[in-house]
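Next come the chains, spelled out residue by residue.
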Amino acid sequence: MKLKHFWFSVSESHLKEQGVSVLNTLFSYKTIKKWAYIYHDKDCYTLKDEMLNSEHKAGTHKPSHYHIYVNFGKQSVDHELLASWFKVIPESIKRIETTAANCLLYFVHGTAEAIAEGKYQYQWSEVYHSSNWSPQVQAETVQYIGNFERFSYREQIEKVHKISDTTERIKAQDMLDKALATELKYRATDIDRYIQVMFITGDSGSGKTTFARQFVEKANYFDLGPREYWRKAPLDKDHPFRHLDYGVSGASNDVFESYKGEDVFILDDMRDDSFLFTDLLKFLDNHTNSSVKVRFANKCFIGCLLIITSTVPLSKWYRGGNSPGRESLKQLYRRINTYVEVDCKEIKFYSDIDDFGEPCGEVRIMPNRTKEYYKNKPERIDLVSVAFDTFGDNGDFVSSLDESFENGIPLSSLEKQISIDDEVFFETSEKKRKD
């Protein structure tokens, strides 16, 4: 069989008998683009081994051996050729059944099956590898993918992105997308939930979305939800619980398509025509989980906080011809836990909403300092100045092209290169005009 990568095991005694050096062989063939190997000298037979072979008594040491992984890049190599390099039988060369990451994880006995069998746990420092990749990063990705109890989608995709091998990275991305779809379907079976809803309104440019993002980034599960929503993987000793992971909605015709299972989802710049009223009521239900229609499949919100930002105050939603009636609107208002008004100077928090959708109750006010968030951001390029510096006050587009050519800047696509008798002429729009 011809494949782009293989793995195999070989005993130390066999290599000595054949006079084969693992490291020298790996360096001897340029066809091998990446490699990794580990020397196992602490393995013991398990009960499973003894059941398969009575001579392999559980607890006794196995003969020392190597696990070796080789990758040929884009080229496919026959397994018999690889076997000849290491002087092993072709049958010992194995194809990678799942991903290289799973194979590498087994090198240190880090797979769930190896751990359950009580196999000796090797360290990643004992894995020798070529300098152009990190087997540890690639292997540990497997432990992240699909573990939504401890790691968010963003954390998992960051791990996937660190995989150097393009083919393996694509495989890992596919695994992650399938795991997310499965997780969302599973969580949709639990109809009970506890979520909070925040409605933020204000004029365009007042800082609604910036405030929403900063609020989520600074808050944690202790502030926003019951104990079962806390993550179980600490960041460090000073921050014992992870900060909330959040996402922002996509286009208004499919606002939930970009949801990836985040703890908080910001429905940005919404209007009452973004949802059918009945769908919005189900979606915002604080205690009953309901799916939301998206392009390819329905999704459920599995987090703890929804934030809606809008330039239109809640009291003006679903008014006029599309009004569902006063009692139905009251149901919507009861689902909003916190009402926030943002203007250029202040941010006002209201504890309640009346039967007409107007904020009421206790009011707390803080200064609006959201613009400070952008102080350290790169300044915007003045495109107007760029245009006038390029074409001049008279907008002389043709002359600017000629000057660009003299300065060695690539010519515009409006120009056509013609080669005649080894001389190069450039036919510009100016030349066409003269003709």
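One can find the structure itself at the top, above this paragraph.
So, here is what we can say about the structure in this document. All of these numbers come straight from a predicted model, not from anything done at the bench.

Below, the discussion takes up the packing of aromatic side chains. A complete count under the given rule lists 22 aromatic pairs for this structure. Each ring, one from Phe-8 and one from Phe-86, has its centre 5.1 Å from the other, and the planes form 65°; the classification is edge-to-face. In this pair, Phe-8 sits in strand β2 (residues 5–11) while Phe-86 sits in helix α4 (residues 79–86), placing the two residues 78 residues apart along the sequence. With respect to class, Phe-8 is no different from Phe-86; both count as buried. Considering the side-chain rings of Phe-211 and Phe-215, the 6.1 Å spacing of their centres and the 35° angle between planes classify their relative orientation as tilted. Here Phe-211 pairs with Phe-215, and both are found in helix α10 (residues 208–218), just four residues apart, close to one helical turn. Judged by relative accessible area, which is 9%, Phe-211 ranks as buried.

Time to look at the sheet that holds strand β6 (residues 94–95). Within the open sheet, the five strands sit side by side as β6-β2-β4-β3-β7. Their pairing is antiparallel. Each end of this open sheet is capped by a strand with a single partner; those strands are β6 and β7 (127–129). Sheet strands touched by α4: β2 and β4 (65–71). Its angle to β2, the strand with the most contacts, is close to 35°.

A few words on the nonpolar core. If you look at the biggest cluster of nonpolar residues, it comprises 39 residues, and the most contacted ones within it are Leu-284, Leu-314 and Leu-332. When contributions to this core are tallied by element, the ones reaching two or more residues are α8 (153–161), α9 (166–188), β8 (196–202), β10 (264–267), α12 (277–283), β13 (305–310), α13 (326–335) and β15 (346–353). By residue number, the principal contributor to this core is α9, which donates five residues. Setting aside anything within four residues of it in sequence, one finds Leu-284 in contact with Arg-193, Ile-195, Val-197, Leu-306, Ile-308, Leu-332, Arg-335 and Ile-336.

Across the two faces of β10 the burial is the same, with Val-264 and Ile-266 and Phe-265 and Leu-267 all buried. Sheet topology note: the strand β9 (residues 246–248)/β10 ladder contains three bridges and is parallel. Across the sheet, residue Tyr-246 finds its bridge partner in β10, namely Val-264. Relative to β13, β10 runs parallel, the two sharing four bridges. The residue bridging Val-264 from the neighbouring strand is Leu-305, located in β13.

A contiguous nonpolar surface patch, about 320 Å² in accessible area, is contributed by Ile-381, Leu-383 and Val-386. With respect to the helices, strands and loops of the structure, Leu-383 is situated in helix α14 (residues 383–391).

With that out of the way, let us pick up α4. For α4, the full list of buried residues reads His-79, Leu-82, Ala-83, Trp-85 and Phe-86. Seen along its axis, α4 keeps its buried residues to an arc of 155°; they face one direction. Structurally, α4 contributes buried residues whose contacts are with β2, α1 (12–18), α2 (22–28), β4 and β5 (77–78). Backbone nitrogen of Glu-80 and a side-chain oxygen of the N-cap are separated by 2.8 Å at the start of α4; the cap is Asp-78. A positive phi of about 55° marks Lys-87, the residue just after α4.

This paragraph deals with the pattern of salt bridges. Inspection of the entire model under this criterion finds 14 salt bridges. A salt bridge links Arg-369 to Glu-372; the shortest N-O distance between them is 3.1 Å. Overlapping salt bridges bring together Lys-48, Glu-113, Glu-117 and Lys-119 as one network.

Taking burial as the measure, the six residues of β13 include six buried ones, the bulk of the element. By the alternation rule, side chains of β13 split into Leu-305, Ile-307 and Thr-309 and Leu-306, Ile-308 and Ser-310, which are all buried.

For the rest of this paragraph, the subject is the packing of helix α5 (residues 100–107) against helix α7 (residues 135–144). α7 packs onto α5 with a crossing angle of 105° between their chain directions and a minimal axis gap of 8 Å. Judged by the inter-axis angle, α5 sits roughly perpendicular to α7. Here Ala-100, Ala-101, Asn-102, Leu-104 and Leu-105 of α5 come into contact with α7, specifically with Pro-135, Gln-138, Ala-139, Val-142 and Gln-143. By residue class, the composition of the contact of α5 with α7 is seven nonpolar, three polar and no charged.

As summarised here, the arrangement of the seven strands in space is β9-β10-β13-β8-β14-β15-β16, forming an open sheet in which the pairing is mixed. Here the strands that pair on one side only, and so sit at the sheet edges, are β9 and β16 (359–367). Taken over all neighbouring pairs, the strand axes of this sheet differ in orientation by 20° on average, direction set aside. Strand direction decides the pairing type here: β15 and β16, joined by seven bridges, are antiparallel. The residue bridging Lys-348 from the neighbouring strand is Ile-365, located in β16. Lying over the sheet, α10 contacts β8, β9, β10, β13, β14 (338–342) and β15, oriented at roughly 165° with respect to β13.

Attention now goes to the packing of α7 against α8. It is at 9 Å that the axes of α7 and α8 come closest, and there the two elements cross at 155°. Between α7 and α8, the angle falls in the class roughly antiparallel. Considering only the axes of α7 and α8, their crossing is left-handed. Of the residues in α8, those touching α7 at Glu-140, Thr-141 and Tyr-144 are Glu-155, Gln-156, Lys-159 and Val-160. Of the residues in the contact of α7 with α8, the class split is two nonpolar, two polar and three charged.

How each quantity is defined
- Residues numbered from 1 in each chain as written.
- Predicted model: local features only at pLDDT ≥ 70, side-chain atom pairs only at ≥ 80, totals over all residues.
- Heavy atoms only, no water.
- Phe/Tyr/Trp six-rings, centres within 6.5 Å; stacked < 30°, edge-to-face > 60°.
- Helix = DSSP H or I, 4+ residues; strand = E, 2+ residues; numbered from the N terminus.
- Buried < 20%, exposed > 50% of the residue type's maximum accessible area, 1.4 Å probe, protein only.
- Pairing = 2+ DSSP bridges.
- Contact = heavy atoms within 4.5 Å.
- Axes fitted to C-alpha atoms, helices over the stretch in contact; angles between N-to-C directions.
- Core = buried A, V, L, I, M, F, W, Y, C linked by side-chain atoms within 4.5 Å.
- Patch = residues over 30% accessible without salt bridge, like charges linked within 9 Å, V, L, I, M, F, W, Y side chains within 5 Å.
- Areas by Shrake-Rupley, 256 points an atom, 1.4 Å probe, with all protein chains shown as cover.
- Salt bridge = Lys/Arg side-chain N within 4 Å of Asp/Glu carboxyl O.
- Arc of directions from axis to C-beta.
- Polar contact = N/O pair within 3.5 Å; in protein donor to acceptor, adjacent residues only side chain to side chain.
- Parallel < 35°, antiparallel > 145°, perpendicular 65-115°, else oblique.
- Nonpolar A, V, L, I, M, F, W, Y, C, P; charged D, E, K, R; others polar.
- Left-handed = near helix turned anticlockwise from the far one by under 90°.

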